[in-house]
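# Structure assessment
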Amino acid sequence: SISDEAYTNILESIMNEVEQRKLEKVENSYTNYLFDKGIDKIGKKLIEEAGEVVIAAKNEDKQEIINEVSDLLYHSFVLMANQKVSLVDVKNELAKRHAKKGNSKGDRPEIKKW
């Protein structure tokens, strides 16, 4: 079973492991496979997982949503590491956005002419 502290730090732990895989190859590592294939493969996997999250939501299947969001986060971490974006970078941006309240821009205007 996982400890409370481990739950708190799981995102950091996963990101650290992904970043470590970029530095040191591990035999039969799926993460290394993705890094070796490059941004095109990583990007395709990220898009695939995002679609699967939406399908899971449309199916109203909570466990499927949990599974697919977990896959989406993992593949996001791989993309971030590949592009040299840290979890701290994202946390800082989220903190800035969280500080802003009441800045909804509403729906985008409909495009009348193509």
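The structure we're discussing is the one just above.
Description of the structure in this document. Quick caveat: nothing in here was measured; it's all calculated off a predicted structure.

The rules behind the values
- Residues numbered from 1 in each chain as written.
- Predicted model: local features only at pLDDT ≥ 70, side-chain atom pairs only at ≥ 80, totals over all residues.
- Heavy atoms only, no water.
- Patch = residues over 30% accessible without salt bridge, like charges linked within 9 Å, V, L, I, M, F, W, Y side chains within 5 Å.
- Areas by Shrake-Rupley, 256 points an atom, 1.4 Å probe, with all protein chains shown as cover.
- Salt bridge = Lys/Arg side-chain N within 4 Å of Asp/Glu carboxyl O.
- Helix = DSSP H or I, 4+ residues; strand = E, 2+ residues; numbered from the N terminus.
- Buried < 20%, exposed > 50% of the residue type's maximum accessible area, 1.4 Å probe, protein only.
- Axes fitted to C-alpha atoms, helices over the stretch in contact; angles between N-to-C directions.
- Parallel < 35°, antiparallel > 145°, perpendicular 65-115°, else oblique.
- Left-handed = near helix turned anticlockwise from the far one by under 90°.
- Contact = heavy atoms within 4.5 Å.

## What to know about a nonpolar patch on the surface
Side chains of Ile10, Leu11, Ile14, Val69 and Leu73 sit close together on the surface and give an oily, nonpolar patch of about 340 Å² of accessible area. Among the secondary structure elements, those contributing two or more residues to the nonpolar patch are helix H1 (4–23) and helix H4 (62–82). Considering every element that reaches the nonpolar patch, the biggest residue donor is H1, with three residues. Inspection of the secondary structure puts Val69 in helix H4. Classification of Val69 by relative accessible area gives partly exposed; the value is 31%.

## Observations concerning the pattern of salt bridges
A side chain with one charge can pair with a side chain of the opposite charge if their charged atoms come near. In total, this model carries seven salt bridges according to the counting rule given. In this structure, Lys45 engages Glu48 in a salt bridge whose closest nitrogen and oxygen atoms are separated by 3.1 Å. Separated by three residues within a single helix, Lys45 and Glu48 lie in helix H3 (residues 39–58), roughly one turn from each other. Residue classification places Lys45 among the buried residues on the basis of a relative accessible area of 14%. Looking at Glu48, the relative accessible area reads 36%, which means it is partly exposed.

## Section: the packing of H3 against H4
Contact pair H3 / H4: the axes reach a minimum separation of 8 Å and the direction vectors enclose 160°. Put simply, H3 runs roughly antiparallel to H4. Viewed along their axes, H3 and H4 form a crossing whose handedness is left-handed. Side by side, H3 and H4 meet where Ile39, Ile42, Lys45, Leu46, Glu49, Ala50, Glu52, Val53, Ala56 and Ala57 of the first sit next to Glu64, Ile65, Glu68, Val69, Asp71, Leu72, His75, Ser76, Val78, Leu79 and Asn82 of the second.

## Here's the deal with the side chain of Glu49
Relative to the assigned elements, Glu49 resides in helix H3. With a relative accessible area of 4%, Glu49 lands in the buried category. Excluding anything up to four places from it in sequence, Glu49 contacts Glu68, Asp71, Leu72 and His75.

Interpretation note: all reported values are geometric properties and have no functional meaning in isolation.
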